[in-house]
Amino acid sequence: MLAKGAGVALAGRILGRGLSVVVQAVLARGLGPIAYGLYGLGWTILRMGASLSSFGLSHGVVRYGARHTQGNPSQLRDVLVQSVMLSVLSGAVVGLVLYALAPWLAGEVFSKPDLARVIRWFAPGFAFSAGLQVSASATRISKRIQFAAFSQEIFQPLANLILILVAFLFGWGLAGAVGAAVASFGLAMVLAFVFVLRLFGRAFAAPGKPRSVAGELLTFSAPAALASVFTTFLILVDRLIVGYFRPAAEVGVYQAASTASAFFPVVLTAFSGILAPMIAALHHNGESERLLEVYRVSTKWALYVSLPVFLTILFRSRELMEVIFGKGYVAGGSLLVVLSLGQLINVSTGSINVALLMTGHQNRWLMMSGAALVADITLGVMLAAKYGAMGAAWATAVSVGGLWIFAMLDGRRVLNLWPYDRRILKGAAASLVTFSGMTLVRNAFAGPALITLVVMAILAVLIFFITLFALGIDREDREALIYVRERLKSFS
């Protein structure tokens, strides 16, 4: 079931990320670097604000909801309803605050007066985005990952793409693009909550007077919320730093490179989505050996999915930027390599943040992520002031990589979790063979960017996985996957 669940989640994430990249490509080409840079700043503020608005309830609803699936249905109902309501309410408050602060942020902080109207156009989206995050997370309690994958990963970017195309067709430009994003979050939130009603209809029909669980939820979610805010800000704050120091056109190029590098956390999150309730259950039942094995298997395969992509970026980053975003964004190729390196380190440490959160060590994760954010901002300001966008990219890569390495080491100390054993050597060998093969043929293709990129990507995937499977799939992997499949059957 881990293989099936992670497969569904990964497929949903990759499809959703593909749609999101298409959305960003359409926006980049349709708006141009300057307007796209303004959109990118507004979009970044929306994502950061939504992370703050959800208040960690996307983790809290899973942890406390999972406890009540086999118990009192009315308690499950209270957790579901109050989690979603709290997230929407807090999102509305954040949106109103940013609406009021928009002129000051645009003029005094970013020195871009046109940004004020963009922030205000995005303001309604904070409540919708926060509500979507929590509603989609609630569906994962059922262990059926497809509902979250469809509503959050596929439907939202698909609706956004369709609405953007309609907006461009009618010539609504930047305002239409922002309106499309806000509307897509609202529609996706409604769909996710419909799935919640469908999956847990028995709980919503249960008798019993509603009992407030807000205090219990927020007690757990407060540190988780701050940790989630810190990690989200860690990934996004570099765009704001570039926006502070550099013109809007350069922000647009950086936004494009950052969007492309987001493939890597998408892969890891796909595994994390199915792992979160499993880790909570295994830890609660004291099955530490099984927990360790699931962690190792998921980390290894997340890394295996990511390595061929990273090698393709390493050799053909400029072609990738040109194919996706257009020739005006080719300069972002070197930024993409640096940002991808930091995210590859993230993937290589596995879902250690989820393990810490689901085992009651949220305060440790809070302190680590907070320290990494401070380091990122400090380094980002220092390096971006001198080296521009490339300085911000290196600051983010160092901070992201450092956070996850430290978390991995801390997870070994407090949970006895370590993602590697001798089996990882096969992946290392496959990576070395793939790198060597791509080095030999890197100058053999001098055609159009699209053909060159496709050929190198196919070559990376083929060499890596042919080498990997030639070395053999480990028995422990099969046993772990069989165990998880059988164990999760009991939940369905």
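The structure this text deals with has already been given above.
Keep in mind the model is a prediction, meaning the values are calculated, not measured.

1. Observations regarding the pattern of salt bridges
Then, number 1: Counted by the stated rule, this structure contains seven salt bridges.
Then, number 2: Ionic pairing is found between Glu250 and Arg246, a salt bridge with its closest N-O pair at 2.9 Å.
Then, number 3: Exposure remark for Glu250: the relative accessible area of 22% places this residue in the partly exposed category.
Then, number 4: Exposure remark for Arg246: the relative accessible area of 33% places this residue in the partly exposed category.

2. A word on unusual backbone geometry
Then, number 1: Even without being glycine, Ser111 reaches a positive phi, approximately 55 degrees.
Then, number 2: Its place among the elements puts Ser111 in the loop between α3 (73-109) and α4 (115-122).
Then, number 3: Phi at Asn416 takes a positive value of approximately 60 degrees, unusual for a residue other than glycine.
Then, number 4: Looking at the element boundaries, Asn416 is found in the loop between α16 (389-415) and α17 (424-441).
Then, number 5: On the accessibility criterion, Asn416 (56% relative accessible area) is exposed.

3. With respect to the nonpolar core
Then, number 1: In terms of nonpolar packing, the biggest core is built from 81 residues, with Tyr39, Phe122 and Phe325 touching the most fellow members.
Then, number 2: Top contributing element to this core by residue count: helix α1 (residues 2-54), with 14 residues.
Then, number 3: When residues no more than four places from it in sequence are discounted, the contact partners of Phe325 are Gln24, Ala25, Ala28, Arg29, Tyr36, Ala256, Thr259 and Ala260.
Then, number 4: The next biggest cluster of nonpolar side chains, apart from the first, holds 27 residues, and it includes Leu234, Leu292, Trp365 and Leu366.

Rules of the game
Residues numbered from 1 in each chain as written. Predicted model: local features only at pLDDT ≥ 70, side-chain atom pairs only at ≥ 80, totals over all residues. Heavy atoms only, no water. Salt bridge = Lys/Arg side-chain N within 4 Å of Asp/Glu carboxyl O. Buried < 20%, exposed > 50% of the residue type's maximum accessible area, 1.4 Å probe, protein only. Helix = DSSP H or I, 4+ residues; strand = E, 2+ residues; numbered from the N terminus. Core = buried A, V, L, I, M, F, W, Y, C linked by side-chain atoms within 4.5 Å. Contact = heavy atoms within 4.5 Å.

Take it as geometry only, folks, not as evidence of what the structure does.
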